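Each chain is listed here by its residues.
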Amino acid sequence: MLGDLVKGREKSTLTLIEDSVEEPGRGLLSCFLLSLCQRVDEVHVLTFDPKSQSMLDVVPAGTNTKIVHHNCQHDMLNWKESSELCLDSDLAKVIKAKGNLNRDRKVALVIDSLSALLLFRPVPYTCQTLHKLSDSDAMGASVEQVVALVHHDLHDNSSLTLVEHTVSTVIRTWPTQSPGHEFCCNTLHKKISGKIVRIKEHFNISDQFEIENITELKTVIDSTPQQPTSQVDPAANLTFNLSLTDQEKKARSQVKLPYTYDQKRIEATLNKSVGEGKIFYQPDEADDFDEEDPDDDLDV
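Description of the structure in this document. Keep in mind the model is a prediction, meaning the values are calculated, not measured.

### Regarding the overall build of the protein
Next, step 1: Counting its secondary structure elements, the protein contains 10 helices and nine strands.
Next, step 2: When the 300 residues of the protein are sorted by exposure, 38% land in the buried category.
Next, step 3: Carbon and sulfur atoms make up 50% of the accessible area of the protein, which totals about 19100 Å².

### Overview of a negative patch on the surface
Next, step 1: Judged by side-chain charge, Glu182, Asp207, Glu210 and Glu212 come together as a negatively charged surface patch.
Next, step 2: Note that glutamate 210 resides in the loop between strand E8 (196–205) and strand E9 (211–216).

### Here we look at the packing of helix H4 (residues 91–98) against helix H6 (residues 123–133)
Next, step 1: At a minimum axis distance of 9 Å, the contact between H4 and H6 shows a crossing angle of 30°. One element, H4, and the other, H6, form an angle in the roughly parallel class. Contact with H4, carried on its side by Leu91, Ala92 and Ile95, involves Thr129, Lys132 and Leu133 of H6 and no other residues of that element.
Next, step 2: Counted by class, the contact of H4 with H6 contains four nonpolar, one polar and one charged residues.

### Quick word on the sheet that holds strand E6 (residues 169–174)
Next, step 1: Spatially, E3-E2-E4-E5-E1-E6-E7-E8-E9 is the arrangement adopted by the nine strands of the open sheet, whose pairing is mixed. Each end of this open sheet is capped by a strand with a single partner; those strands are strand E3 (67–71) and E9. Pairwise comparison of adjacent strand axes, ignoring direction, gives a mean angle of 20° for this sheet.
Next, step 2: Two strands pair when backbone bridges link them, and strand E2 (residues 42–47) and E3 are joined in this way by five bridges, in the parallel orientation. In the sheet register, leucine 46 faces E3, and the bridge partner there is histidine 70.

### A closer look at the packing of H6 against helix H8 (residues 157–166)
Next, step 1: For the pair H6 and H8, interaxial distance at closest approach is 10 Å and the crossing angle is 20°. It follows that H6 is roughly parallel to H8 by the angle criterion. Handedness of the H6/H8 crossing: right-handed. Contacts from Val123, Cys127 and Leu130 in H6 reach Ser159, Leu162, Val163 and Thr166 in H8.
Next, step 2: Looking at the contact of H6 with H8, its residues break down into five nonpolar, two polar and no charged.

### Focus on the side chain of aspartate 49
Next, step 1: Structurally, the position occupied by aspartate 49 is in the loop between E2 and helix H3 (53–56).
Next, step 2: Taking relative accessible area as the criterion, aspartate 49 reaches 16% and is therefore assigned buried.
Next, step 3: A polar atom in the side chain of aspartate 49 sits 3.0 Å from the backbone nitrogen of lysine 51.
Next, step 4: With residues up to four places along the chain from it excluded, the contact list for aspartate 49 reads Arg26, Gln73, Asp112, Ser113 and His151.

### Here's the deal with the nonpolar core
Next, step 1: Grouped together as the largest cluster of nonpolar side chains are 33 residues, with contacts concentrated most on Phe48, Ile111, Leu114, Leu130, Leu133 and Val163.
Next, step 2: The set of elements that each furnish at least two residues to this core consists of strand E1 (14–19), H4, strand E4 (106–112), helix H5 (115–120), H6, strand E5 (142–151) and H8.
Next, step 3: For leucine 130, the contacting residues outside a window of four places in its chain are Leu14, Ile111, Leu114, Val146, Val163 and Val167.
Next, step 4: One finds Leu29, Ile67, Phe203 and Ile211 within the second-largest nonpolar core, a separate group that totals 31 residues.

### Brief notes about the pairing of E1
Next, step 1: Taking burial as the measure, the six residues of E1 include six buried ones, the bulk of the element.
Next, step 2: Residue alternation in E1 divides its side chains into two sets, Leu14, Leu16 and Glu18 and Thr15, Ile17 and Asp19, and both sets are buried.
Next, step 3: Inspection of the sheet shows E1 paired to E6 by four bridges, in the parallel sense. Residue pairing across strands places leucine 16 opposite valine 170, the latter belonging to E6.

### Focus: a nonpolar patch on the surface
Next, step 1: Nonpolar side chains collect at one region of the surface, where Leu119, Phe120 and Leu154 lie side by side and expose about 290 Å² of accessible area between them.
Next, step 2: Note that phenylalanine 120 resides in helix H5.
Next, step 3: Judged by its relative accessible area of 39%, phenylalanine 120 is partly exposed.

### Observations concerning the environment of valine 68
Next, step 1: Within the element layout of this structure, valine 68 appears in strand E3.
Next, step 2: Along the chain, valine 68 and glycine 99 lie 31 residues apart, while their C-alpha atoms are 7.1 Å from each other.
Next, step 3: Leave out the neighbours within four places in its chain, and valine 68 touches Glu42, Val43, His44, Val45 and Lys98.

Conventions adopted
- Residues numbered from 1 in each chain as written.
- Predicted model: local features only at pLDDT ≥ 70, side-chain atom pairs only at ≥ 80, totals over all residues.
- Heavy atoms only, no water.
- Helix = DSSP H or I, 4+ residues; strand = E, 2+ residues; numbered from the N terminus.
- Buried < 20%, exposed > 50% of the residue type's maximum accessible area, 1.4 Å probe, protein only.
- Areas by Shrake-Rupley, 256 points an atom, 1.4 Å probe, with all protein chains shown as cover.
- Patch = residues over 30% accessible without salt bridge, like charges linked within 9 Å, V, L, I, M, F, W, Y side chains within 5 Å.
- Salt bridge = Lys/Arg side-chain N within 4 Å of Asp/Glu carboxyl O.
- Lys, Arg positive; Asp, Glu negative; His and termini not counted.
- Charge placed at Lys NZ, Arg CZ, Asp CG, Glu CD.
- Axes fitted to C-alpha atoms, helices over the stretch in contact; angles between N-to-C directions.
- Parallel < 35°, antiparallel > 145°, perpendicular 65-115°, else oblique.
- Contact = heavy atoms within 4.5 Å.
- Nonpolar A, V, L, I, M, F, W, Y, C, P; charged D, E, K, R; others polar.
- Pairing = 2+ DSSP bridges.
- Left-handed = near helix turned anticlockwise from the far one by under 90°.
- Polar contact = N/O pair within 3.5 Å; in protein donor to acceptor, adjacent residues only side chain to side chain.
- Core = buried A, V, L, I, M, F, W, Y, C linked by side-chain atoms within 4.5 Å.

Below, the structure is given as structure tokens:
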């Protein structure tokens, strides 16, 4: 999955890479940058982090002509009130003014990192900015992909969740669990068909910043059959019986209840009563006569 996302074989308009101090993700972002330089006509790189220069240094001399660098580090908060790019700038407008955008050109954007926007601007503003940058109509060109890096250990879960709902792919770096691999990541990818894929992979990054030795980490399920547990009889140690023997059932069936009438009692009553109406109840097979629970038919 990760290799297809980097190479562009799997479509992902908005890709978010979540890293931390222990598991940095700028190397993975560099892999996306080099791949985008080979696939599109123009790559706009927005840098808010002083360490972003290390990502730009890996681009070969023959390929960096496609890169348009937007440096947001000098006056990021616009304290000097200069005309340089800052967090309050309309990023889409700045990119269109500096780039050569038209409908026939494929462009891509790489943001390092999105944490600056999340720390100093409201989260909805950041989500709207991402959505606008990925919109081909708003940018005036065919936007192939937007890849953004964010340091998840600097933000709360609610802020990250809102951003994750905006993007189509979330790649979070993870401590590796394989001695033969240097990196590990959890990927959540929303396909165009609507299917959601979750996968955990180990991988390495070569000196040319290409993804290699990708291995999917599968969860091991214990298939050992469990021994059947013996059922404990709850009525084993009671001082009374909950069931009846055949002899007790026969004796119970012969008991005549005082409120029922057999044929003899009906005839005797009819002979004694003249000119009076009587109601006789003769039970049938569907009637339930359970002396132990007379309210069994009630839904209580």
